[in-house]
Every structure is written in C-alpha cells, then in structure tokens.
Amino acid sequence: MAVSSGRSRGGRRPTLEEVAARAGVGRGTVSRVINGSPRVSDATRAAVEAAVAELGYVPNTAARALAANRTDAIALVVPESETRFFAEPYFSDMLKGVGAELSDTEMQLLLIFAGSDKERRRLAEYLAAHRVDGVLLVSVHADDPLPDLLAQLEIPAVISGPRSAAESLASVDSDNYGGGRSAVEHLLARGRREIAHITGRLDVYGAQRRVDGYREALRDAGHAADEQLIEPGDFTEEGGRRAMTALLARRPGLDAVFAGSDVMAAGARQVLREQGRRIPEDVALVGYDDSAIARHMDPPLTSVRQPIEEMGRRMIDLLLSEIADSRPTVSRGPERRQVVLATKLVERASS
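Predicted model only: the values in this text are computed from it and were never measured.

(A) Region of interest: the overall build of the protein. Assigned secondary structure in the protein consists of 14 helices and 12 strands. Across the 351 residues in the protein, those meeting the buried criterion constitute 49%. When contacts within the protein are restricted to residue pairs at least 6 apart in sequence, long-range pairs at least 24 apart make up 72% of them. Total accessible area on the protein is roughly 16400 Å²; 49% of this is exposed by carbon and sulfur atoms.

(B) Quick peek at empty space enclosed by the protein. The full count for this structure, using the stated rule, is 1 cavity of 30 Å³ or more. Looking at the largest cavity, it is lined by 21 residues, and the ones nearest its centre are Y90, S139, V204, R210 and F235. Secondary structure elements with two or more residues in the lining of the largest cavity: α6 (89-102) and α10 (205-220). The element contributing the most residues to the lining of the largest cavity is α10, with 4 residues. Here the residues of the lining of the largest cavity are counted per class, giving 9 nonpolar, 7 polar and 5 charged.

(C) Inspection of the sheet that holds strand β6 (residues 195-199) at higher detail. One open sheet accounts for 6 strands, arranged β7-β6-β8-β9-β10-β12; its pairing is mixed. Across the chains shown, the open sheet's two edge strands, defined by having one partner strand only, are β7 (230-232) and β12 (344-346). Taken over all neighbouring pairs, the strand axes of this sheet differ in orientation by 20° on average, direction set aside. Along the sheet, α10 contacts β6, β7, β8 (256-259) and β9 (284-289); its crossing angle with β6, the most-contacted strand, is approximately 170°. Helix-sheet contacts for helix α11 (residues 237-250) involve β6, β7 and β8, and the interaxial angle to β7 is about 150°.

(D) Geometry of the packing of α11 against helix α12 (residues 262-274). For the pair α11 and α12, interaxial distance at closest approach is 7 Å and the crossing angle is 45°. Judged by the inter-axis angle, α11 sits oblique to α12. Between α11 and α12 the crossing geometry is right-handed. Here E237, G240, R241, M244, T245 and L248 of α11 lie close against α12, whose contacting residues are V263, M264, A266, G267, A268, Q270, V271, L272 and E274. Split into classes, the residues belonging to the contact of α11 with α12 amount to 8 nonpolar, 4 polar and 3 charged.

(E) Looking closely at the packing of aromatic side chains. For the structure shown, the criterion picks out 6 aromatic pairs. Taking 5.0 Å as the distance between ring centres and 85° as the angle between the ring planes, the aromatic pair formed by F85 and F86 counts as edge-to-face. A relative accessible area of 5% means that F85 is categorised as buried. Pairing Y90 with F91 gives two aromatic rings, centres 5.5 Å apart and planes at 85°, and the pair type is edge-to-face. Here Y90 and F91 have matching classes, each one buried. A connected cluster of aromatic rings, assembled from ring pairs, spans F85, F86, Y90, F91 and F113. If you follow R210 out to its NZ or CZ, it ends over the ring of Y288, 3.7 Å from the centre.

Reading the values: the criteria
Residues numbered from 1 in each chain as written. Predicted model: local features only at pLDDT ≥ 70, side-chain atom pairs only at ≥ 80, totals over all residues. Heavy atoms only, no water. Helix = DSSP H or I, 4+ residues; strand = E, 2+ residues; numbered from the N terminus. Buried < 20%, exposed > 50% of the residue type's maximum accessible area, 1.4 Å probe, protein only. Contact = heavy atoms within 4.5 Å. Areas by Shrake-Rupley, 256 points an atom, 1.4 Å probe, with all protein chains shown as cover. 1 Å grid on protein atoms, 1.4 Å probe; cavity = no way out; pocket = protein on both sides within 12 Å on 5 of 7 lines; lining within 4 Å. Points joined across faces, edges and corners; volume = space filled by probe spheres on them. Nonpolar A, V, L, I, M, F, W, Y, C, P; charged D, E, K, R; others polar. Pairing = 2+ DSSP bridges. Axes fitted to C-alpha atoms, helices over the stretch in contact; angles between N-to-C directions. Parallel < 35°, antiparallel > 145°, perpendicular 65-115°, else oblique. Left-handed = near helix turned anticlockwise from the far one by under 90°. Phe/Tyr/Trp six-rings, centres within 6.5 Å; stacked < 30°, edge-to-face > 60°. Lys NZ or Arg CZ within 6 Å of the ring centre and 35° of its normal.

Here you go:
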C-alpha cells in the first residue's frame, strides 16, 4: 500500500536504506534509479520503483543538491528591459520552449532581467555566489560582458545565438543567413527589384547574418546591394516605423521590404498605409520570426519562421549536458557546441 504522505507506519519518513531492503538491492542502486541513471536494468528499476511506491518514499532533493554542491536552479538571463521582453513574441516563445523542456526535471527556472547597469552589477554578485547551476543567455549583444563573466566564474552557460563567428561559448541559433537569403529570393521571384531591408540591431550577430543573406541573394541574382535601401532598426515596432519613414524619403520607388522581425514589419506596415502604399500591390512586405503578429496582420504577413520554441528546448538540453559533464562551458576548436536550426519561409498575402 502506498503511503502518499511519505511517512512510514510509525510516522517517520522512510529512508533510502528501507527502500533498498524492500527492493532487495543496494543503496547505491536505489540512488541511481531515483537520479535517472541509465545504468540500471529494467527489472531492477521496476523493483525499486515498486518499493518507493509501497513505502511512500520521497527523495530529499535539498539534501541531494547540497551534497552534490548543486542548487537545482537555472537562470534565464535577459539583458533587455522588461518592457521589451513582454512586448516581443520572440521572448515568450523562447520561455515556452525552455519551460517545456524543464518540466520533466527537478530544476527550478529563475527569470532575471539585466538591462540596466544596476541590474548587471546585482546579477554579477548573484552569479559570483554560485546560486545557480547554469545560465541561459537570451538576446546577447556583441559587447555584452556577461558571457565572459560566466566563463571566468566557470558557470555552465548557453546563449541564444553566438556573438560572432568565433564564439567560444555553447550556443543555439537559427540559420539567420539562410533566412535572409530565402526572404530576398522570394521577393525577387515575385518580380520585385527595389528591395529594402530594415535590419535588427547590428550589434547582434544574428541580425548581421540576415543582412549578409540579403546582400548575397541580391548579388547572386545580378543585383548589387544598394546601401540606400538598407536602414538599421532595433527589433521594435517604433524602430520599424522610423526605418520605413527614412527609406521612403530616400527611395520612394521601392517595391518591397524585408524587415528583420515581424514586430518591425508591423511598424513598417503602418507607415506604408499612412503614405498610401498598398500591400502587396505597391510594396511587398516580408517579416522574420513567423510570430502570431504575422498571422494576425492585415494582410497576413509572409515571414521567415525560426523555430524559437525548439531553440529554447535545445538550449536547456545543451545546458543540462554541460552541467552534468561538470566541465567548463568554454571549449576550443571543434569541441565547441554550436547548434544551428533550419529556418523556413512561410508565404502569405503580404508578398
């Protein structure tokens, strides 16, 4: 009979030794089963699980973590403002993937914002005290000091996208170059020739790679990239508005726009409508992310889908592996763990 309270008939909590005796195995075998080790036969695992259920044994995770010098906690660090985090679907989709992958573990997830200097100093002190077993870094900029701090502290870490081609930390990203190419190739195939690009923040490597894809798709089609058709944005709706206004002022004859995010595409659409441009008849519009914004826009937005939830899942998988291996996150040469997931263009009425 299982005892749901986790207490034996005498009122005390069953011990690991009692579970081992009931299952007819050693204490170490019980520990391996509880910790999910694959080095246990199916028959032995079944016997231990039955003994756990019969006795109502509840593992003392706090004691296990203390003995292993672990906290059973992971920090998801976002070096952005809370306003941007809650405004952009990218972050909520990433969080959804991270949470789903962690749901079958005993790890707790801490969400930490580090957009200001004060928040960064407080985070540095928190990390130096080793209060988490590992860190996920989302939306990392090229000059961000946090990845180097984590390497210095030897805290396992995974970032959502490398800072450069020479990234030394484990990372998970989508194929930003391929995504940029596919957007432009689609617009060229639709007969568009003056294709503008609203970039993301260019201190983000992924945004740089989308620009590279844009340029090379034009070059391969025999069209030199026109710098007057490239305008920097910042991944925000207002940034999309500003960039679209500047582009129309310089090149009023443009017939297509590739925006580096769906959020910026929404801002660009507003300006196009205000200036009497029809979408897609006058100006075709393509976004990036394939978020809910793309599906609900009028007209529905063609967008490059990056598997953001899957990126979150893979980041957790990679980080748990780093933690389990108990080795520094920084690796060199071919040993670097870099995961790149494929993108896909989703065609809708805007192009």
